[in-house]
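Structural description and commentary
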Amino acid sequence: MLVVEAKFDGEQLATDPVTHTDQPEFATELAWEIDRKALHQHRLQRTPIKLQCFALDPLSSAKETIGYIVLDLRTAQETKQAPKWYQLLSNKYTKFKSEIQISIALETDTKAPVDSFKAKGAPPRDGKVAASLSGLNPKDIVAVLNEEGGYHQIGPAEYCTDSFIMSVTIAFATQLEQLIPCTMKLPERQPEFFFYYSLLGNDVTNEPFNDLINPNFEPERASVRIRSSVEILRVYLALQSKLQIHLCCGDQSLGSTEIPLTGLLKKGSTEINHHPVTVEGAFTLDPPNRAKQKLAPIPVELAPTVGVSVALQREGVDSQSLIELKTQNEHEPEHSKKRVLTPIKEKTLTEPKSPSMSPVPPHNQSPPTKDDATGSEVESLQYDKDTKQNPKANSSVPASLAQPVTTSNASETASGQKIAVPATSHHFCFSIDLRSIHALEIGFPINCILRYSYPFFGSAAPIMTNPPVEVRKNMEVFLPQSYCAFDFATMPHQLQDTFLRIPLLVELWHKDKMSKDLLLGIARIQLSNILSSEKTRFLGSNGEQCWRQTYSESVPVIAAQGSNNRIVDLSYTMTLEDYGLVKMREIFVSDSSQCVSAVQQKPSSLPPAPCPSEIQTEPRETLEYKAALELEMWKEMQEDIFENQLKQKELAHMQALAEEWKKRDRERESLVKKKVAEYTILEGKLQKTLIDLEKREQQLASAESELQREKKELQSQRERNMQELQDSIRRAKEDCVHQVELERLKIKQLEEDKHRLQQQLTDAENKYKILEKEFQQFKDQQSNKPEMRLQSEINLLTLEKVELERKLESATKSKLHYKQQWGRALKELARLKQREQESQMARLKKQQEELEQMRLRYLAAEEKDTVKTERQELLDIRNELNRLRQQEQKQYQDSREIASGKMDGPHGNALEEGLDDYLTRLIEERDTLMRTGVYNHEDRIISELDRQIREILAKNNASN
C-alpha cells in the first residue's frame, strides 16, 4: 500500500492508503486552517511543506520511505491553478523517474469561526454545535458512565435534562459462509461464531452459533440508558456516526459492517418526541482488508448480510422493537416470520466493557451419537426423539444415559421408560494396557502422560496415566497405571461396526509445573485389529464357555501441530472377552417415574407335592401354567413394543439422514455457487491477463524489430568509427615520426654547438693561463726595478685599471642586459611551452590511450632535454661570472697591495677616490642583481658583494 504524509507548521496529515501500483491515484485533499497573519508570517519565513511517500506493509504495519518533495508555500495562490508534476527526491526506485501530481492552492473560509482548533484534530463538518450550545466544544461531548444512576451521561450536566434508551438488535444473518476464504483454516473442534460490537464503550456479543450456512441464534437486544438532550445527542451521533458490527470466530474477525447513526436524529426533526426512531435493514458484511487482499467483489445475491435494528427513544414512550414490528407484516415470506417470532433476549448494559456472551454449554453435555449408546436401543431412540423436539436443551440431558447398564443396579432418574436389553446383546469386557513409549524423535526430554476417552465403552470421562514419566531420546519407558478394563453390553455387529469406524485416539501430553499442559501428539489405535486376531476359549466364573482375543502392536504418535511428523512410538496390548448373551436376571424394567429392579428370582420353596388322595386339578388351572402363559403374553407384548420402537427409531433415523442429506446438499450447493462465482471471476481475470499477454507479446515483437534495426545502425556506426580511428592513428603516427626526425636534427645541431663552445672555452683557458704567466713575470720584474719604474708601472696600472673598470662596467651592463633577456626568454619559453602543451592536448585528446602514453613519454623526453640544456647554459653563465669575479678580486688585491705601499704618497687622494668609485660600483651591481629577481641575500654572489662593501666601508672609516 502507498500513503503520502504531509508536514507543515508542526502538523502532519496523511492520505488514505492506496494500492501500490505504477500509477496510483490518491484523490485526497489535505488542508490546514490558518489565519492571514500566520500565513503572511509563514511566507516571510519561507516555511516549507514537506511531502513524504511511504510504502506501507498491511501485515506488519512497517513503513518504508520511497521519496519526498518540498513545496514552497509562496507558490500557493487564491486562484485555482493546474496540477503540476513534481519529481521525488531520494527516490528508492533509481531506475525509474517517479513523479507525483500535486495542486497547491489557498481557499478563503467563509464559515463563521467556531473555537480555534488545529487541522489534525478538527471535528467533522457535520458535527456543528447549535446556536444555543455555542459555548460548548464538540470535543467535550463524550459518554460518561454514572454508576449510581445506572445511565450514561452525554454532555455537561446542566444540559442533560432528558432520558433516552438506545438499543441494538441483531435479528438474523445469511450467506455467512462467503466470509470464509478457501485458504482459511478453522479450529479442528466445532468452531463457534458470534457477532461483536461496542455500544457506548460496552463490548457486546450475542449467543454463539456453530452453523454458518444456516445460522440459528436467538435475536438479542442490547440497550443502554442515556441522560442527555436532543441537540447534544444529535451532535454526539454526528461525531460517532457509525456503529461497527463484527462477525468473529474466537479472537479473529471474519467480516464487519457499519451502521450509520446520523439518521436517528435528523436536523429539525421532532419524531423522537412522539415515537422511537430507528435505523434498520440488512447490511452487507465485508471481509477485513478486502482492498489489501485484492479480493474479487461478491455478487449481490451471494453477499453475506446481517439484519440489524438500532432504535432510540425517550424513556417512558411505548415502543416495539424491530422484530416485533416485522411480525405484524403479513406479506413477509415464511422464513422471515419464523425468524422474527423467535423470542428476544433483553440485555441492559450499565457497566462498561461487560460482555454479554451467554455461557457456552460444556462439551461433555453434548448428546451421544448412536455409536455411544451402550444401554437400551429404546433409550437411545427416546433420547433422539427428545433432542429433535428440543435441540437447545442439551444441558438438561441426564448424565446417566451415557453410563453402561451393567455398572450399577441403583435406581436412576430418566425421562422415558426403561426397556430391557434385547436378548441378542452380549456381555463384553475390553481391556487395554498402554505398556511403554520409546524411540523419541524430538531433541528435548518430555514429562508425559497419556490420555484417551471412548464413550462407546460406557463413560465419556477421560482415562489418564499417572504420575507423569520423563522420556529421553534412545530410551524406553514403561507407563504406570496404564491398564484399564471396560465391561459393557452390546450386540456383536454393533461392536464390529463401531470398532471399524471409530479408532481410539490416545493423546500425548507434556506436563510442566511452570507452564500449562501442552498437547504434543495423537496416536490412532485401530480397535478393529483385535477382531481379526485368533480366538481362544476359556471358562467363565459360572462355568459357561467364553472367548478371548488379544492383540499387541506399536503405533507412532503423530505431532498435533505442524507437519505430520512422528514424535514417539507407543506399545500397547488390548484384549476383548465375550461372556456370551446377557442373562434375563440382569435386566432392569422401569416406568416413567422411577426405575425399579425387575430381577426374576426363583421361588425359595417349591409348592408342596399333591397327595394322591387329593382331587387332580386341570393343567390350565395350575400356577405353573398361568405363570408360563403370563410370561408368554408378556414376551409377545414386549416384542410388539420393541418392534414398534425399532420402527419409530428407524423412521427417526431416516428423517435425520434425510435432513442431514438436505443440509449437506445445501452446503454443497452454496459451496458450488461460491466456487462458480470465484471461477467466473478468475476466468475474467485470466482472459484479461491473456489479452494483456497478447498485447505484451506484440509490444515485445515490435521492440525486438526495433532492437534489431538499432543494432544494425550501431554496427555500421561502429565500423565507421573504427575506420576514422584507424585513420587518426595513422596520421598521428606519421606526425610523431616527422616530429622525432626534427628533434633529432635539433639535437645534432645542439651537439655541434656544444663542441664549438667547448673548443672556445679551451682556447680562452689557454689564453688565460698565458696571461696569468705574463702577469706573474711582470710582477717579478716590477719588484726588482727602482722607484721610477714603479711610478711608470703605477701609471700603466692606473690606465689598465681605468680600462678594466670600463670593461667591468660594460661587462656589468651586458650581464644585466643578458639577465633581463634571459628572464624574458624563460617567460617566453614557459608561455610557448604551455601553448604548445595545450595545443598538443587539444589535438591528441581524440586519440587512443596508447598514443596518449607515447605523446606523454615524448613530451617528457623533450622536456628533460630542454631542461638539461637550459641547466647547462645556466651553469656556464654562472661559471663565467665566478671567473670574472675571481679576476676582479685578484686585481683588487693587487691594487690594494700597491695602494697600501703608497698611501703616504702624492697619489693617496686619488686612491681614496678610486675606492669610493669601486664601492659605488659594488653597490650598484648588488642592487642590479637583486632587482632581477633571480638572486636573494642568501645567494653566494650577493653575500660576497656585501662582504666587499663592508670591507671598503671599514677601510674608509679607518682612513678618515
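Source: prediction; values computed, not measured. Within each chain, residues carry numbers counting from 1 in the order of the written sequence. With the structure being a predicted model, the display of local features is reserved for residues of pLDDT at least 70 and the display and counting of side-chain atom pairs for 80 or more, all residues being used for whole-chain, interface and lining totals. Each side-chain value is derived from all of the structure's non-hydrogen atoms; neither hydrogens nor water enter the calculation.

Things to note about the environment of Phe 538
- Only DSSP runs of H or I reaching four residues or more are called helices, and only runs of E reaching two or more are called strands; each is numbered from the N terminus. The residue Phe 538 is located in strand E26 (residues 535-539) in this model.
- With a 1.4 Å probe rolled over the protein chains alone, any residue whose accessible area is under 20% of its type maximum counts as buried; one over 50% counts as exposed, and the rest are partly exposed. A relative accessible area of 15% means that Phe 538 is categorised as buried.
- Distance in space between the C-alpha atoms of Phe 538 and Glu 577 is 9.6 Å, their sequence separation being 39 residues.
- Once you skip the residues sitting within four places of it in the chain, Phe 538 turns out to touch Glu 544, Gln 545, Cys 546, Trp 547, Arg 548, Glu 577 and Tyr 579. Only heavy atoms matter for contacts: two residues are in contact if any of them lie within 4.5 Å across the pair.

Thoughts on the nonpolar core
- Residues grouped as a nonpolar core are buried Ala, Val, Leu, Ile, Met, Phe, Trp, Tyr and Cys residues, joined through side-chain atoms within 4.5 Å. Of all hydrophobic cores here, the largest spans 47 residues; its most connected members are Met 166, Phe 195, Tyr 197, Leu 247, Leu 264, Val 310 and Leu 312.
- Residue assignment for this core shows that the elements contributing at least two residues are strand E9 (162-174), strand E10 (193-199), strand E12 (220-228), helix H2 (230-239), strand E13 (242-249), strand E14 (252-260), strand E15 (277-284) and strand E16 (305-314).
- By residue number, the principal contributor to this core is H2, which donates six residues.
- Every residue in contact with Tyr 197, bar those within four places of it in the chain, is listed here: Val 168, Ile 170, Asn 202, Asp 203, Val 204, Ala 222, Leu 243, Gln 244 and Ile 245.
- Core analysis: the next-biggest nonpolar cluster, separate from the first, contains 40 residues, Leu 479, Phe 499, Leu 570 and Met 574 among them.

Comments concerning the packing of aromatic side chains
- Working definition: rings of Phe, Tyr and Trp (its six-membered ring) pair if their centres are within 6.5 Å, and the pair is stacked with planes under 30 degrees apart, edge-to-face with planes over 60 apart, and tilted otherwise. Under the defined criterion, the tally for this structure stands at 19 aromatic pairs.
- Geometrically, the ring pair formed by Phe 195 and Phe 209 is tilted, given 6.1 Å between the ring centres and 35° between the ring planes. Here Phe 209 lies in the loop between strand E11 (202-205) and E12 and Phe 195 lies in strand E10, a separation of 14 residues in the sequence.
- Assessed through its relative accessible area of 0%, Phe 195 is described here as buried.
- Site record: aromatic cluster; members linked through ring pairs are Phe 428, Phe 430, Tyr 454, Phe 456, Phe 457, Phe 486, Phe 488 and Phe 499.

Looking at the pairing of strand E7 (residues 143-146)
- Strands qualify as paired when DSSP identifies two bridges or more between them. Where E7 lies against strand E8 (residues 151-154), four bridges are found, and the strand directions are antiparallel. In the sheet register, Asn 146 faces E8, and the bridge partner there is Tyr 151.
- Where E7 hands over to E8, the hairpin turn is made up of four residues, of which Gly 150 adopts a positive phi near 70°.

Observations regarding the sheet that holds E14
- The sheet built from four strands is open, its strands ordered E11-E10-E13-E14 with antiparallel pairing. What marks the edges here is a single partner per strand, and that holds for E11 and E14. Put simply, the sheet's adjacent strands are angled 25° from each other on average, direction ignored.
- Of the strand pairs in this sheet, E13 and E14 are connected by eight bridges, and their pairing is antiparallel. Geometry is summarised by axes, namely lines fitted to C-alpha atoms with helices restricted to the contacting stretch, and by angles between N-to-C directions that run from 0 to 180 degrees.

As for the sheet that holds strand E3 (residues 48-56)
- Taken in spatial order, the four strands of this open sheet run E2-E1-E3-E4, and their pairing is antiparallel. The open sheet has two free edges, formed respectively by strand E2 (11-14) and strand E4 (63-72), since each of these has just one partner strand. Between one strand axis and the next, the sheet turns by 20° as a mean value, whatever way the strands run.
- Where strand E1 (residues 2-8) meets E3, six bridges bridge the pair, whose relative direction is antiparallel. Note that in E3 the partner of Leu 2 across the bridge is Ala 55.

That's the geometry; what it means functionally is another story.
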